[in-house]
Amino acid sequence: MSHAQAETGNTAGEGILPSPTLRSKRKSLVASTVGNVLEWYEWSAYAVFAPFIATVMFNASDGVSALLSTLAVFAVGFLMRPLGGILFGRVADRRGRKFVLVTTMLMMAGGSLVIGLMPTYSSLGSWASLILLLARMTQGFAHGGESATANTYVAEIAPSERRGLWGSIVFVAIFGGSAIAFSVGGVVTTVLSDGEVARWGWRIPFLLGALLALAALYLRRSMDESDVFAEENSGAQVQPLPRGQVARGVLLVIMMTSGITAAHYTWTSYVSTYAIAQKGMDAGVAYWCSVGAQCVALVTLPLWGRLSDRVGRRPMMITFAVLMSALQIPLTGVIGAQGWTLLVAASVALTVVAIPGALLSATMSENFPTRVRTQAIGFAYSVSVAVFGGTAPYLNQLFIDLGVARLSSFYIMLLCAFTGIACYLMRETKGIHLKDA
């Protein structure tokens, strides 16, 4: 379909609904992004308030055990993501992307509401820990479906020549949601005393997220369905599915995402906890420095996405792998008790992480056929994020407690090498029509 046809809404053939105009697609992009920002805010809020949740939801007599238990719940939520990605991905490939994006928004909001209202360990014992676990499992399940579908949806509604730029908005939502979560953390820890935050202040971000989700649901109800999906399901003759190509694509996306997600969650979800617990940094200062670093990286995302539309996906992905491997140890060593050390180190690290982050939506979507695109992305992306991203905060803390902190950096460097190898083996896909993927 030509650019002019997209503008006027002309159909590509009989039986196909009129294609959304470019203006309508932009409105759908905004609706998807707002919901995605809120989903990532709700997801990140748990990591931001992990030190406080540890004191009220687990055995407070052992601080290390409580913190590790909280981070383990964080990892369990990630382990639900592949299941959500697979099941919701299958639904999205059959019923449409919009249906799944509305459903996952409801589930994430419900999980936040439960966490915001649930009783503590002191009043309900281990049952409180179980409720927390179930709420995070629900959010992880929904998040797997949300991530896969949002990456697919944005790539499918984007103009082919600007898919990298439009796709970068998905990671803008990731950084944006995380930055909002850290901003709320900074406000709460600044306005309230440590005792007030520990008693009830940690509930604020979860209740706020559940409330704001109503606005996101309203916007998402008016989104257009992907015209690529509509054309695929218009009754036209279906070509045989290249299963070998799909299997190869899944393996390569898992490898490609491993280093990206491990670096991302280390430098967003864990680094503030590290600065607070290991370096003695004030919690409020650590949160605001994390916000600043994420905002710096966020600004660069559209630039990386647009650059990939010109030079390609592969060279930029490989550039990330080389830079992150070289900078991981030096940047970790910069962090001390002063806030500026965290701000500088995290800003540089997250700007590097933003390079592949901006390209993920386009790159993954361009490697799978429309009929299985969401479920393939849902499985590959969620497995990689669960195995390598969700465990990153836990492994970082565990290595420190075992006295081998340097291993966490070597682990990330190894995964970045996997990312580079996968991208070297992948074909260049910039600018292709998704029906040819």
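1. Description of the overall build of the protein chain
Counting secondary structure elements, the protein chain contains 19 helices and zero strands. The C-alpha atoms of the protein chain give 21 Å as radius of gyration, which agrees with the globular expectation for 437 residues (22 Å, within 12%). By principal-axis analysis of the C-alpha atoms, the protein chain measures approximately 70 × 45 × 35 Å. Per-residue burial over the protein chain gives 58% buried out of 437 residues. Within the protein chain, contacts between residues separated by at least 24 positions form 86% of all contacts whose residues are at least 6 apart in sequence. Looking at the protein chain as shown, the accessible area adds up to about 16500 Å², and 66% of this sits on carbon and sulfur atoms. Considering the protein chain, the positive charge centre built from 30 side chains and the negative charge centre built from 22 side chains are found 3 Å apart.

2. Concerning the packing of aromatic side chains
Under the defined criterion, the tally for this structure stands at seven aromatic pairs. Both rings, one in F171 and one in F175, keep their centres 5.3 Å apart while their planes meet at 85°; by these two values the pair is edge-to-face. With F171 and F175 both in helix α9 (residues 163-191) and four residues apart, this pair spans about one turn of that helix. By the burial criterion, F171 is buried, and F175 matches it. When the ring of W202 is compared with that of F206, the centres are 6.4 Å apart and the planes differ by 70°; the resulting orientation is edge-to-face. For the pair shown, W202 and F206 are each scored as buried. A connected cluster of aromatic rings, assembled from ring pairs, spans F49, F52, F182 and Y287. Geometry around W43 places R136 over its ring, the cationic atom sitting 4.1 Å from the centre.

3. Some thoughts on the pattern of salt bridges
Within this structure, the stated rule accounts for 10 salt bridges. Between R220 and E146 there is a salt bridge, with the nearest N and O atoms lying 2.8 Å from each other. Taken as a pair, R220 in helix α11 (residues 204-220) and E146 in helix α8 (residues 126-157) lie far apart in primary sequence, 74 residues in all. Judged by its relative accessible area of 0%, E146 is buried. Residues joined by salt bridges that share partners form a network here, namely R163, R306, D309, R313 and E366.

4. Notes on the confidence of the model for the protein chain
Note that predicted coordinates carrying low pLDDT should not be read in detail. Summary statistics for the protein chain give a mean pLDDT of 87 and a share of 92% for residues scoring 70 or more. pLDDT under 50 marks residues 1-17. Its contacts with residues more than four places away, or in other chains, come to 25 contacts.

5. A closer look at the packing of α9 against helix α16 (residues 339-365)
Axis separation between α9 and α16 bottoms out at 7 Å; the angle between their running directions is 125°. In terms of axis orientation, α9 runs oblique to α16. For the pair α9 and α16, the sense of crossing is right-handed. Between α9 and α16, the residues in contact are R163, G164, G167, S168, V170, F171 and F175 and L350, V353, A354, G357, A358, L360, S361 and A362, respectively.

6. Digging into helix α14 (residues 283-311)
A rise of 1.5 Å per residue sets the reference length of α14, with its 29 residues, at 42 Å; its end C-alpha atoms lie 41 Å apart and thus fit the reference within 8%. T300 marks the point of greatest bend in α14, at about 30°, and the proline P302 comes within the next four residues. Two or three places before G284, at the start of α14, stands the capping residue D282, its side-chain oxygen 3.1 Å from that residue's backbone nitrogen. Of the residues trailing α14, G312 is marked for its positive phi of about 110°.

7. Quick notes on the environment of A213
Take A213: it is sitting in helix α11. The class of A213 is buried, set by a relative accessible area of 0%. Taking C-alpha positions, A213 is 37 Å from F418, a pair spaced 205 residues apart along the chain. Residue contacts for A213: discarding those within four places in its chain leaves L38, E42, M105 and A109.

8. Quick look at the side chain of T300
Note that T300 resides in helix α14. At 2.7 Å, the side chain of T300 and the backbone oxygen of A297 are in polar contact. The residues touching T300, leaving out its near neighbours within four places in the chain, are T351 and A354.

9. A closer look at the environment of V385
Within the secondary structure, V385 is located in helix α17 (residues 373-389). As a C-alpha pair, V385 and P51 span 334 residues in sequence and 22 Å in three-dimensional space. Setting aside residues no more than four positions away along its own chain, V385 makes contact with F78, R81, T257, T261, Y265 and G390.

10. Structural notes on the packing of helix α5 (residues 81-95) against α8
One can describe the packing of α5 onto α8 by two numbers: an axis separation of 7 Å at closest approach and a directional angle of 50°. Taken together, the axis directions place α5 and α8 in an arrangement best described as oblique. Considering how the two elements wind past one another, α5 and α8 form a crossing that is right-handed. Contacts between α5 and α8 pair R81, L83, G84, G85, L87, F88 and A92 from the former with G140, F141, A142, H143, G144, G145, S147 and T149 from the latter. Its residues assigned to classes, the contact of α5 with α8 comprises six nonpolar, eight polar and one charged.

What counts and how
- Residues numbered from 1 in each chain as written.
- Predicted model: local features only at pLDDT ≥ 70, side-chain atom pairs only at ≥ 80, totals over all residues.
- Heavy atoms only, no water.
- Helix = DSSP H or I, 4+ residues; strand = E, 2+ residues; numbered from the N terminus.
- Rg over C-alpha atoms; globule rule 2.2 N^0.38 Å.
- Buried < 20%, exposed > 50% of the residue type's maximum accessible area, 1.4 Å probe, protein only.
- Contact = heavy atoms within 4.5 Å.
- Areas by Shrake-Rupley, 256 points an atom, 1.4 Å probe, with all protein chains shown as cover.
- Lys, Arg positive; Asp, Glu negative; His and termini not counted.
- Charge placed at Lys NZ, Arg CZ, Asp CG, Glu CD.
- Phe/Tyr/Trp six-rings, centres within 6.5 Å; stacked < 30°, edge-to-face > 60°.
- Lys NZ or Arg CZ within 6 Å of the ring centre and 35° of its normal.
- Salt bridge = Lys/Arg side-chain N within 4 Å of Asp/Glu carboxyl O.
- pLDDT = per-residue confidence, 0-100.
- Axes fitted to C-alpha atoms, helices over the stretch in contact; angles between N-to-C directions.
- Parallel < 35°, antiparallel > 145°, perpendicular 65-115°, else oblique.
- Left-handed = near helix turned anticlockwise from the far one by under 90°.
- Expected span 1.5 Å × (residues − 1).
- Bend = angle between axes of the 7 residues up to and from the residue.
- Polar contact = N/O pair within 3.5 Å; in protein donor to acceptor, adjacent residues only side chain to side chain.
- Nonpolar A, V, L, I, M, F, W, Y, C, P; charged D, E, K, R; others polar.

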